[in-house]
Amino acid sequence: MQAAAGGAGGAVVFSRLAGEILDILRARPGEYVSGEEIARQMSVTRTAIWKHIRELREFGYGISAGGKLGYRLDSIPDRLYPAEIQAGLTTQFIGRAGIHYYREVGSTNEIARELGEQGAPAGTVVVAEAQVQGRGRLRRSWWSPPEKGIWMSVLLRPGLPPGEVFLLSFATAVAVARAIGSLLPLEVRIKWPNDILVGGKKVAGILLEIKAELDQVHYVVAGIGLNANQEEVDFPSELRSRATSLRQAFGRPVSRVHLAREILTSLEEEYLSLGHGGRERLWQEWRQFDVTIGRQVEVVTGTEVYAGLATGITPEGKLVLKLPGGEVAEFAAGDVTLAGVRGNPAT
Ligand code: BTN
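These notes cover the structure that comes with them.

Considered as a void within the structure, the largest cavity measures approximately 180 Å³ in volume. Lining the largest cavity are 22 residues, and of these Arg135, Trp142, Leu207, Gly223 and Gly225 lie nearest its centre. Listing elements by their share of the lining of the largest cavity, those giving two or more residues are α5 (108–117), β5 (149–156), β8 (201–213) and β9 (216–227). In terms of residue count, β8 provides more of the lining of the largest cavity than any other element does, four residues in total. A class-by-class count of the residues in the lining of the largest cavity yields seven nonpolar, eleven polar and four charged.

Right under this line is the structure:
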């Protein structure tokens, strides 16, 4: 298992031995495991065990030392450490090749793109506790405060032609919506193209970036930003009316690790299904979450605003609007405002 030691500014990873000790303690919840037994299992000295227990404590793990009894894992820090996300992760490739964990980055999408350029394998994940230059759709910034959300990017190398990569943005939205809905009793909705709403407010957004030539996709970075544990006062005032967090909606703090794991799992399912021709399944799922079709909406594209009835999505993922004069307009991108719903454009 990839564990979590930090190089200044670089990915934070604790040592392999610390990771192994963690696995041993995790497998015996609530129990003391003697230093001797751990040392024997790992074929290292007891002094080495002590050193790596100290390392784990520095990473925030609560580990009691009970003299001869040994060590017991009492608490796990609320951090998106790779070792935590990977514990119990059942995916085939997403998160398997490596999860790169940072305390703070400019943008996880940027790091994932660099890894993509360097030939990192499909399924590589980049996750950070904070982003200082988080990017949103339509060249907006994405507010990403420390330890409150999931700021995560997944590197994919789909066999899709470039013109079909847009499907991945819908697939990622469905994956995030499904993941939230499977862990929390919340009604999750998707507003075209891929804003995730809870209680009418935006709780998550997706930014897909692609490197392709005319006929070949080199890689895609699926960036996911999820507001998990912010309280209302944490949000900048200009976001409060349109953004929310799972904690606000659920009434209690949520486990970011569980959510991250679930998102990776459902993202892989959606991705593999698409690769096996599962477009119809994707649209069916998307429609189950969709809050746009059949509603009066406003679409803002740059400086233009169009009001009309959202009647459908084209096979290319464009939003179809019936305008008041009866004409039909299609939109490949834009911000949608739902009549009578507060949750609105990107945060
Ligand atoms: C949107 O505007 O709705 C999309 C927001 C996407 C934010 C995520 S956070 C992780 C990844 N890194 C970024 O810089 N952006 C995406």
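Text resumes after the structure shown.
A few words on the packing of aromatic side chains. When we look at a pair of aromatic rings, we describe it by the centre distance and by the angle of the planes. Counted by the stated rule, this structure contains 13 aromatic pairs. Ring plane angle 85° and centroid distance 6.3 Å describe the contact between Phe166 and Phe170, whose orientation is recorded as edge-to-face. Taken together, the residues Phe166 and Phe170, both in helix α6 (residues 166–183) and four residues apart, mark about one turn of the helix. Under the relative-accessibility criterion, Phe166 is labelled partly exposed at 21%. On the basis of relative accessible area, Phe170 is assigned to the buried category, the value being 3%.

When you line up the elements, Asn109 lands in helix α5. Once you skip the residues sitting within four places of it in the chain, Asn109 turns out to touch Arg135, Ser153, Leu207, Glu209, Val221, Ala222 and Gly223.

This next bit is on the site of the ligand. By nearness alone, 21 residues border the ligand, and Ser107, Gln131, Arg135, Arg137 and Lys202 come closest of all. Between a nitrogen atom of the ligand and a side-chain N or O atom of Gln131, the distance comes to 2.9 Å. A distance of 2.6 Å separates an oxygen atom of the ligand from a polar side-chain atom of Lys202. Expressed as a share of its isolated accessible area of 420 Å², the protein-covered part of the ligand is 100%.

Given 3.6 residues to a turn, an α-helix orients residues that are three or four positions apart in the same direction. Among the residues of helix α2 (residues 35–42), those classed as buried are Gly35, Ile38, Ala39 and Met42. Buried residues in α2, looked at end-on, bunch into an arc of 100°, giving them a common side. Exposed residues pointing more than 90 degrees away from the buried face of α2 are listed as Arg40 and Gln41. Those residues of α2 that are buried lie in contact with α1 (16–26), α3 (46–58) and β2 (71–75).

With that out of the way, let us pick up α3. Between its terminal C-alpha atoms α3 stretches 19 Å, which fits the 18 Å expected from 13 residues at 1.5 Å a residue. Here α3 has its buried residues at Ala48, Ile49, His52, Ile53, Glu55 and Leu56. Across the axial projection of α3, the buried residues extend over an arc of 160°, all falling on one side. Turned more than 90 degrees away from the buried face of α3 sit Arg46, Thr47, Lys51 and Glu58, all of them exposed.

Before going further, it helps to spend a moment on the sheet that holds strand β13 (residues 328–331). Taken together, the five strands give an open sheet; going across it, the order is β13-β12-β11-β10-β14, and neighbouring strands pair in antiparallel fashion. At either end of the open sheet lies a strand with only one pairing partner, and these are β13 and β14 (335–338). Pairwise comparison of adjacent strand axes, ignoring direction, gives a mean angle of 45° for this sheet. Bridge count for strand β12 (residues 319–322) against β13 is four bridges, and the pairing is antiparallel. Each bridged residue has a counterpart across the sheet, and for Leu319 the counterpart in β13 is Phe331.

To continue, consider the packing of α6 against helix α9 (residues 256–275). Relative to each other, α6 and α9 sit at 140°, their axes nearing to 8 Å. By the criterion of interaxial angle, the relationship of α6 to α9 is oblique. At the point where α6 passes α9, the crossing takes the right-handed sense. Along its contact with α6, which presents Leu167, Leu168, Ala171, Thr172, Val174, Ala175, Val176, Arg178, Ala179, Ile180, Ser182 and Leu183, the element α9 presents His258, Leu259, Glu262, Ile263, Ser266, Leu267, Glu269, Glu270, Tyr271 and Leu274.

So, how was this worked out
Here the residue index of a chain counts from 1 through its sequence in written order. Local features in a predicted model are, by the rule used here, given only for residues with pLDDT of at least 70; side-chain atom pairs are given and counted only at 80 or more, and totals for whole chains, interfaces and linings are based on all residues. Side-chain metrics in this entry use all non-hydrogen atoms of the structure; hydrogen atoms and water are not considered. In this analysis the probe radius is 1.4 Å and the grid spacing 1 Å, with only protein atoms considered; a cavity is a set of points the probe fits into but cannot get out of, a pocket is an open set with protein on both sides within 12 Å along at least five of seven lines, and lining residues have an atom within 4 Å of a point. Grid points are joined across faces, edges and corners, and a volume is the space filled by probe spheres set on the points. The numbering of helices and of strands both runs from the N terminus, where a helix is a DSSP run of H or I of at least 4 residues and a strand a run of E of at least 2. Three categories are distinguished: nonpolar for Ala, Val, Leu, Ile, Met, Phe, Trp, Tyr, Cys and Pro, charged for Asp, Glu, Lys and Arg, and polar for the others, with Gly belonging to the last. Two aromatic rings, drawn from Phe, Tyr or Trp (for Trp, its six-membered ring), form a pair once their centres lie within 6.5 Å of each other, and the interplanar angle then sorts them: stacked below 30 degrees, edge-to-face above 60, tilted otherwise. Relative accessibility under 20% of the residue-type maximum defines a buried residue, over 50% an exposed one, and the middle range a partly exposed one, all with a 1.4 Å probe and only protein chains included. In this analysis, two residues are considered to be in contact whenever any of their non-hydrogen atoms come within 4.5 Å of each other. Any residue with a non-hydrogen atom lying within 4 Å of a molecule or strand is treated as near it. Counted as a polar contact is a pair of N or O atoms within 3.5 Å, where, for protein atoms, one must be capable of donating a hydrogen and the other of accepting one, and residues adjacent in sequence contribute only when both atoms are in side chains. Accessibility throughout is a Shrake-Rupley quantity obtained with a 1.4 Å probe, and a residue counts as covered only by protein chains that appear here. Throughout, the arc means the angular range of directions from the helix axis out to the C-beta atoms. A helix is expected to span 1.5 Å for every residue after the first. One requirement defines pairing of two strands: DSSP has to find at least two bridges between them. Angles shown run from 0 to 180 degrees and are taken between the N-to-C directions of axes, each axis being a line fitted to C-alpha atoms and, for helices, limited to the stretch in contact. By the definition adopted for this analysis, an angle is roughly parallel if under 35 degrees, roughly antiparallel if over 145, roughly perpendicular if from 65 to 115, and oblique otherwise. The crossing is said to be left-handed when, going from far helix to near helix, the turn is anticlockwise and less than a right angle, and right-handed when the turn is clockwise.

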